[in-house]
Amino acid sequence: MAKKYIFITGGVVSSLGKGITSASLGFLLMSYGLKISIVKIDPYINVDPGTMNPYQHGEVYVLDDGAETDLDLGHYERFTGLTLSKKNNFTTGQVYYSVIRRERRGDYLGKTVQVIPHITDEIKRRIKEAGKDKDVLIVEIGGTIGDIEGLPFLEAIRQMRYDAGRDNCLYIHLTLVPYIKVAGELKTKPTQHSVKELQSIGISPDIIVCRSEKRLTKEAKEKIAMFCNVEKEAVINAVDVDTVYEIPLRFRKERLDDLVIKKLGITPKKEPDFTEWEKMVEAIKKPKDTVRIAFVGKYVGLKESYKSLVESFVHAGASLNLKVDLKWIEAEDLENDGFEELLKDVHGILVPGGFGPRGIEGKIRAIKYARENNVPFLGICLGMQAAVVEFARNVARLEGAHSEEFDKSSPHKVIHLAKKWEKDGKIIERDETSDKGGTMRLGAYPCVIKLSTLAYEVYKRKKISERHRHRYEFNNEYRDVLERHGLVVSGESPDREFVEIVELKDHPFFIAVQFHPEFKSRPLSPHPVIKMFVEKSYESKGSEKAN
Ligand code: GLN
């Protein structure tokens with residue numbers, strides 16, 4: 001059990017930024033030297049978000065241990081720099097699954113198994129487990145107050161006050177204070193209603209964080225304080241900002257950190273220092289120049305499904321004082337004649353990860369264009385697989401080369417399905433009959449980098465570990481022939497079974513990786529491969545000017 005708990009709920013509407021609020025608070029508390037962790041509870045029935053449509057749900061964020069989680073876990077890791085595990089995210093589905101399994105085993109000795117206490121006990125057990133050895137555990141409850149599916153979680157966190165002690169729990173409620181243009185007024189009524197609803201289930205928020213487009217007036221704050229039963233200082237305004245990384249600094253200005261520390265009776269272990277963070281925020285807000293990178297994907301309209309990658313460009317950009325302007329290109333559009341026009345004005349080309357055959361030929365075309373025109377190129381996961389196919393077809397002249405994923409009858413399956421692999425000392429065999437995972441290589445795997453390669457120049461280390469989420473692999477049967485034609489395998493698994501990084505010589509920057517570097521990028525430590533890609537793209541912008 002943690003020493004202290006902070007529960008974060010949301011009201012009025014969804015998408016207010018509870019995830020960022022939790023992450024920012026985590027960051028602030030850590031800067032006082034506290035040991036914290038964050039848990040996200042998702043009130044849906046799916047057992048893991050990995051099986052959910054990313055276009056409905058946003059990105060599937062992958063952790064070191066292979067857990068496929070909600071994208072909020074990405075915010076937590078990025079803001080706090082912590083490495084989280086599967087204990088940090090659970091769903092209604094998982095909770096019921098554990099209880100029902102226990103019931104089948106006869107653990108309840110024939111008693112009636114009910115939401116209260118059995119489901120709520122399982123929720124509390126998971127919360128306490130995640131809080132083990134921590135000074136503070138932040139618990140974010142997904143969904144919005146008033147949703148039926150959130151009720152067991154709210155009941156569980158209400159009870160936590162009895163389990164952990166009244167002074168050791170803090171309830172923060174995030175709401176929206178809309179601005180009505182015609183009336184020229186900020187409206188506090190939705191907040192009042194939402195708090196009332198929370199109170200009716202026995203939870204009285206200690207702090208209310210109000211999202212608003214315009215700054216809250218003193219009167220609005222006073223009104224909320226009075227009608228929602230909190231002190232004036234406990235109404236915190238989260239006004240819209242230019243970059244999410246500014247939010248912790250705003251919270252600090254509103255003295256949220258002081259308030260939480262006071263209310264929970266915490267003794268800080270050190271003086272916070274935000275200089276580095278402030279510099280990073282400044283760099284994002286006032287870049288010295290821009291660089292344009294083509295983002296060649298599928299459904300690029302749904303940017304939420306590429307969340308971490310987009311953020312990783314913000315991090316890399318900030319460290320170089322550049323704004324990375326992503327030019328979103330629908331891969332299928334590159335399958336038409338005259339596609340070069342779409343790529344002419346970019347300084348670098350990125351082909352990110354993806355699933356499904358749509359647009360694959362467009363991605364291959366973009367890669368060919370980058371290779372032939374010396375445009376800096378980065379391929380990620382599916383992007384690496386497409387780069388290998390492109391090279392096999394157009395350089396090694398292996399006619400009809402393809403990935404088994406898209407063309408099972410290809411005469412040259414340069415990318416194929418791996419049957420088994422090792423994770424953390426255990427052998428995993430592909431289980432095609434399973435409906436819940438076990439079919440993908442997931443989570444962190446080690447990779448060994450060859451000396452005197454671009455990859456080594458990027459990492460400056462021989463051993464790295466990166467996160468994966470894919471089924472298909474480079475087919476080693478083709479390694480010799482592709483290498484003979486100039487493809488450089490610069491990173492591989494320690495047993496040499498899996499090719500992890502490929503690159504080209506005689507090109508300003510051409511590298512493709514089987515893993516997802518974006519999951520390890522942090523605002524103050526951008527991922528080296530993304531950073532160098534941005535740097536080289538910017539150099540190519542410079543040479544364009546010089547010409
Ligand atoms: N679809 C490819 C595979 O499963 C690539 C996956 C990805 O890009 N994440 O191997």
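Residues numbered from 1 in each chain as written. Predicted model: local features only at pLDDT ≥ 70, side-chain atom pairs only at ≥ 80, totals over all residues. Heavy atoms only, no water.

Enquirer: Give a detailed account of the overall build of the chain, specifying residues and quantitative values.
Expert: Along its length, the chain carries 18 helices and 25 strands. Against the 2.2 N^0.38 benchmark of 24 Å for 547 residues, the chain shows a C-alpha radius of gyration of 25 Å, consistent with a compact globule. In terms of overall dimensions, the chain has a C-alpha envelope of 75 × 65 × 45 Å along the principal axes. By residue count, 56% of the 547 residues in the chain fall in the buried class. Put simply, 72% of the contacts in the chain that link residues at least 6 apart link residues at least 24 apart. When the accessible surface of the chain is totalled, it reaches about 23,900 Å², and 49% of it is carbon and sulfur. Looking at charge distribution, the chain has the averaged site of its 86 positive side-chain charges lying 4 Å from that of its 82 negative ones. (Helix = DSSP H or I, 4+ residues; strand = E, 2+ residues; numbered from the N terminus. Rg over C-alpha atoms; globule rule 2.2 N^0.38 Å. Buried < 20%, exposed > 50% of the residue type's maximum accessible area, 1.4 Å probe, protein only. Contact = heavy atoms within 4.5 Å. Areas by Shrake-Rupley, 256 points an atom, 1.4 Å probe, with all protein chains shown as cover. Lys, Arg positive; Asp, Glu negative; His and termini not counted. Charge placed at Lys NZ, Arg CZ, Asp CG, Glu CD.)

Enquirer: Let's hear about the sheet that holds strand S11 (residues 235-239): which residues, and what values?
Expert: Read from one edge to the other, the open sheet built from seven strands follows the order S5-S2-S6-S1-S7-S10-S11, with strand pairing classed as parallel. Only two strands of the sheet have a single partner each, and these edge strands are strand S5 (89-91) and S11. When strand polarity is set aside, the average angle formed by the axes of neighbouring strands in this sheet is 20°. With five bridges connecting them, strand S7 (residues 169-176) and strand S10 (residues 207-212) associate as parallel partners. Note on S10: the bridge partner recorded for Leu 176 is Arg 211. (Pairing = 2+ DSSP bridges. Axes fitted to C-alpha atoms, helices over the stretch in contact; angles between N-to-C directions.)

Enquirer: Lay out the side chain of Ser 212 with the relevant residues and their values.
Expert: Its place among the elements puts Ser 212 in strand S10. The exposure class of Ser 212 is buried, given its relative accessible area of 1%. Looking at Ser 212, its side chain comes within polar contact range of the main-chain oxygen of Lys 214, at 2.6 Å. A polar side-chain atom of Ser 212 sits 3.0 Å from a polar atom in the side chain of Asn 237. Ignoring any residue separated from it by four or fewer positions in sequence, one finds Ser 212 in contact with Val 177, Leu 186, Asn 237, Ala 238, Val 239 and Asp 240. (Polar contact = N/O pair within 3.5 Å; in protein donor to acceptor, adjacent residues only side chain to side chain.)

Enquirer: For the environment of Ile 284, give the residues involved together with the corresponding values.
Expert: Within the element layout of this structure, Ile 284 appears in helix H11 (residues 275-285). As for Ile 284 and Glu 254, which are separated by 30 residues in sequence, their C-alpha atoms are 22 Å apart. With sequence-adjacent residues up to four places away left out, Ile 284 is seen in contact with Thr 243, Tyr 245, Val 314 and Ala 318.

Enquirer: Residues and numbers for the pattern of salt bridges, please.
Expert: Within this structure, the stated rule accounts for 51 salt bridges. With a shortest N-O distance of 3.6 Å, Lys 307 and Glu 304 are connected by a salt bridge. Exposure remark for Lys 307: the relative accessible area of 18% places this residue in the buried category. One network of salt bridges, with partners in common, ties together Asp 64, Glu 77, Arg 467, Lys 520 and Arg 522. (Salt bridge = Lys/Arg side-chain N within 4 Å of Asp/Glu carboxyl O.)

Enquirer: Give me the lowdown on the pairing of strand S20 (residues 441-449), citing residues and values where you can.
Expert: A large share of S20 lies buried, amounting to seven of its nine residues. Relative to strand S21 (residues 463-470), S20 is paired through eight bridges, and the arrangement is antiparallel. Along S21, the bridge assignment pairs Pro 446 with Ser 465. With two bridges connecting them, S20 and strand S23 (residues 487-492) associate as antiparallel partners.

Enquirer: Give me the lowdown on helix H15 (residues 382-394), citing residues and values where you can.
Expert: When the terminal C-alpha atoms of H15 are compared, their 18 Å separation across 13 residues agrees well with the 18 Å that a helix rising 1.5 Å per residue should span. Within H15, 11 of the 13 residues are buried, which leaves it mostly tucked inside the rest of the structure. Of all the residues in H15, the buried ones are Leu 382, Gly 383, Met 384, Gln 385, Ala 386, Ala 387, Val 388, Val 389, Glu 390, Phe 391 and Ala 392. (Expected span 1.5 Å × (residues − 1).)

Enquirer: Break down the site of the ligand for me, citing the residues and quoting the values.
Expert: Surveying the vicinity of the ligand reveals the residues Gly 353, Gly 354, Phe 355, Cys 381, Leu 382, Gln 385, Glu 405, Arg 469, His 470, Arg 471, Tyr 472 and His 516. In the model, an oxygen atom of the ligand is placed 2.8 Å from a nitrogen or oxygen of the Gly 354 main chain. Tyr 472 places a main-chain nitrogen or oxygen 2.8 Å from an oxygen atom of the ligand. When the ligand sits alone it has 290 Å² of accessible area, and the protein chains cover 99% of it. Of all the elements in the fold, those that place two or more residues in the shell around the ligand are H15 and S21. Counted by class, the shell around the ligand contains four nonpolar, five polar and three charged residues. (Near = heavy atom within 4 Å. Nonpolar A, V, L, I, M, F, W, Y, C, P; charged D, E, K, R; others polar.)

Enquirer: I'd love a proper account of a nonpolar patch on the surface, names of residues and values included.
Expert: A cluster of nonpolar side chains, Tyr 96, Ile 100, Val 115 and Ile 116, forms an exposed patch at the surface whose accessible area comes to about 330 Å². Among the elements of the structure, helix H4 (92-104) and helix H5 (115-131) are those that each provide at least two residues to the nonpolar patch. By secondary structure assignment, the location of Val 115 is in helix H5. You can call Val 115 partly exposed: its relative accessible area is 36%. (Patch = residues over 30% accessible without salt bridge, like charges linked within 9 Å, V, L, I, M, F, W, Y side chains within 5 Å.)

Enquirer: Describe the pairing of S10, naming the residues involved and giving the relevant values.
Expert: With five of its six residues buried, S10 lies for the most part within the structure. Following the chain from S10 across helix H8 (residues 218-228) to the adjacent parallel S11, one finds a crossover that is right-handed. (Right-handed = clockwise from strand over helix to strand, strands pointing away.)

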